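# Descriptive structure summary
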Amino acid sequence: MTDAYCIIEEAMPEMPTIPKTRFFAPPVPSDYIYRASLDARFEQMDSASLMLLSAPSGYGKSLTVSSWLEKQDDPFSWLSIATKESNFQRFIREFILALRIHYPGFGEEVLALSRALETPSPEIFSQVVSDELSGLRSRFFLVLDDYHLINNPKVDRFIESLISNPIPDFKLLILTRRDPSMPLSQWRMKNQLVEIRDRDLMFTRSEIRCFIEKNKGLQLNEEQLAALEKLTEGWISGLRLLLLSLSPEQFLEPANAPGSLENNSTLFSLLNEFLSTQPRQIRIPLLQLSLLSEFDEEFYSALYLDKEGKYGEMLDFKDFVNHLKMSNLFLIDLDVKGKWYRFHHLFQDLLKGMIPDYFTANEQKDLQLSFANTCMQKSRHEQAIEHYLM
């Protein structure tokens, strides 16, 4: 992956404002539970052109794919859609850059079309890409993560055209919280589509047992496992949140656990309970950084701390990150150099929802302004505008 990092850096002059972190698969954590039951689904990719992983946040879509790809000998590229994407030409350039990680120089004609005053139709772009991809001599996987953030029907048409005219060795994986506007039923009938959904990603009772043993070192009996299975419905992020907020005694006594994770109030309660156990130097930055799609040491240094010392002194960035990693706090590395990170989307959304409980309106405005200025210094102009407008 180090070579891939260098290739991305070399290719960035073509698109200098696209963060390189968008092109890295999430690393598989040490407590990841291998899902042998899903192998058969992935094997179906031999005859299909598209795999669709469609499930709500927190079901482990990204890690499931990243874990499987790690074990393959075939090359793959990863593209994460970071914000609501409505610009078709920009998406095409990002798509080409993802391919260039393994195929330098790929897509010159496509990039030229994307700069034309009159942009050709998505189908034309698809045809040009297909012609070049047809030269592949081995199987290649391209992952489009967080596809639900796509907000332009032209992108859907481009992908639809690619899949409807399949390229034997090109395999596309779409990870999304909702189904895209594409002819999925038609592709099912033609065996061009492999699907993994929330019911497939739910942890079984035996997987819950393994996960608890790895994280808590606890041996649960069948009654306790059944209670956890009923409570979480196999939802991996809900299980992890319970691990953070409940004591070993509560795990061993199911009656002490909350009755359901079906509503946000229960999740907020669990998160609040966890945050109350954290020192201010961890709790406050966690909440503030949740306003960012990704962060590094410069963004961490831009956190708003009032002059009265209300929130205490900040930890060194490395110490802060190490604490989060040791606590299994939904932190995801975004590059091989250990510079960029983001929170799991569910954890981030929950933290953002709690910000008004911890910060005044003026403090929130000052924080957004600080982040906007940092974005400008990093030439992340679109992100800066978003923060200026918050």
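This is a predicted model, so every value here is computed, not measured. (Residues numbered from 1 in each chain as written. Predicted model: local features only at pLDDT ≥ 70, side-chain atom pairs only at ≥ 80, totals over all residues. Heavy atoms only, no water.)

## Section: the overall build of the chain
Helix and strand counts for the chain come out as 20 helices and 7 strands. Sequence separation of at least 24 residues holds for 73% of the intrachain contacts in the chain that already meet a minimum separation of 6. (Helix = DSSP H or I, 4+ residues; strand = E, 2+ residues; numbered from the N terminus. Contact = heavy atoms within 4.5 Å.)

## Quick notes on helix H3 (residues 61-70)
Most of H3 sits out of view: 8 of its 10 residues are buried. All of the buried residues in H3 are Lys61, Ser62, Thr64, Val65, Ser66, Ser67, Trp68 and Leu69. In this structure, the buried side of H3 is in contact with helix H2 (39-43), strand S1 (50-54), strand S2 (76-80), strand S3 (140-145), strand S4 (170-176) and helix H9 (198-201). (Buried < 20%, exposed > 50% of the residue type's maximum accessible area, 1.4 Å probe, protein only.)

## A word on the packing of helix H6 (residues 122-133) against helix H7 (residues 153-164)
For the pair H6 and H7, interaxial distance at closest approach is 8 Å and the crossing angle is 40 degrees. When the axis of H6 is compared with that of H7, the two are oblique. Every pair of crossing elements has a handedness; the one defined by H6 and H7 is right-handed. Along the contact surface, H6 presents Pro122, Glu123, Phe125, Ser126, Val129 and Ser130, while H7 presents Lys154, Arg157, Phe158, Ser161 and Leu162. (Axes fitted to C-alpha atoms, helices over the stretch in contact; angles between N-to-C directions. Parallel < 35°, antiparallel > 145°, perpendicular 65-115°, else oblique. Left-handed = near helix turned anticlockwise from the far one by under 90°.)

## Digging into the pattern of salt bridges
In this structure the tally under the stated criterion is 20 salt bridges. The shortest N-O distance in the salt bridge between glutamate 123 and arginine 157 comes to 2.8 Å. A residue pair is termed long-range when its members are at least 10 positions apart, and glutamate 123 in helix H6 and arginine 157 in helix H7 qualify at 34 residues. For aspartate 333, the salt bridge is made with lysine 325, and the minimal N-O distance between the two is 3.1 Å. Through salt bridges that share partners, Asp179, Arg188, Glu195 and Arg197 make up one connected network. (Salt bridge = Lys/Arg side-chain N within 4 Å of Asp/Glu carboxyl O.)

## Quick word on the side chain of arginine 283
Mapped onto the elements, arginine 283 comes out in helix H15 (residues 280-289). Salt bridges are absent for the buried arginine 283, whose nearest opposite-charge side chain, aspartate 357, sits at 11 Å. Separated by 3.4 Å, the side chain of arginine 283 and the backbone oxygen of leucine 275 make a polar contact. A polar contact is formed between the side chain of arginine 283 and the backbone oxygen of glutamine 278, at a distance of 2.6 Å. Once residues lying within four places of it in the same chain are set aside, the contact partners of arginine 283 are Leu275, Gln278 and Tyr358. (Lys, Arg positive; Asp, Glu negative; His and termini not counted. Polar contact = N/O pair within 3.5 Å; in protein donor to acceptor, adjacent residues only side chain to side chain.)

## A few points about unusual backbone geometry
Not every positive phi belongs to a glycine, and aspartate 146 is a case in point at roughly 60 degrees. Counting through the fold element by element, aspartate 146 comes out in the loop between S3 and H7. Here serine 379, not a glycine, exhibits a phi torsion of approximately 60 degrees, which is positive. By the secondary structure assignment, serine 379 is in the loop between helix H19 (361-377) and helix H20 (381-389).

## Quick look at the pairing of strand S5 (residues 193-197)
Most of S5 sits inside the fold, with 5 of its 5 residues counted as buried. Residues Leu193, Glu195 and Arg197 of S5 are buried on one face, and the alternating residues Val194 and Ile196, pointing to the opposite face, are buried as well.

## Quick notes on helix H10 (residues 205-216)
Here H10 is 12 residues long and its end C-alpha atoms lie 16 Å apart, about the 16 Å a rise of 1.5 Å per residue gives. Here H10 has its buried residues at Glu207, Ile208, Phe211 and Ile212. The buried residues of H10 occupy an angular sector of 135 degrees when the element is viewed end-on, so they sit on one face. Glycine 217 sits one or two positions beyond H10 and adopts a positive phi of about 65 degrees. (Expected span 1.5 Å × (residues − 1). Arc of directions from axis to C-beta.)

## With respect to the nonpolar core
Counting 77 residues, the largest nonpolar core has Val65, Leu173, Leu271, Phe295 and Phe343 as the members making the most contacts within it. With residues near it in sequence (within four places) discarded, leucine 173 still touches Phe42, Met45, Met51, Val65, Phe141, Leu142, Val143 and Leu144. If you look at the next biggest cluster of nonpolar residues, it comprises 42 residues, including Ile101, Leu111, Phe140 and Leu172. (Core = buried A, V, L, I, M, F, W, Y, C linked by side-chain atoms within 4.5 Å.)

## Structural notes on the packing of aromatic side chains
Taken as a whole and assessed by the stated rule, the structure comprises 20 aromatic pairs. Measuring from centroid to centroid gives 5.3 Å for phenylalanine 88 and phenylalanine 125, while their planes differ by 80 degrees, and the two rings are edge-to-face. Of this pair, phenylalanine 88 sits in helix H4 (residues 88-100) while phenylalanine 125 sits in helix H6; the two residues are 37 residues apart in sequence, bridging distant segments of the chain. Seen in terms of ring centroids, phenylalanine 88 and phenylalanine 158 are 6.4 Å apart; in terms of plane orientation they differ by 70 degrees. Their pairing is edge-to-face. On the criterion of sequence distance, the pair formed by phenylalanine 88 in helix H4 and phenylalanine 158 in helix H7 is long-range, its members being 70 residues apart. In textbook terms, an aromatic cluster arises when at least three aromatic residues are bridged by ring pairs, as seen for Phe295, Tyr300, Phe317, Phe320, Tyr341, Phe343 and Phe347. (Phe/Tyr/Trp six-rings, centres within 6.5 Å; stacked < 30°, edge-to-face > 60°.)

By themselves these figures say nothing about function.
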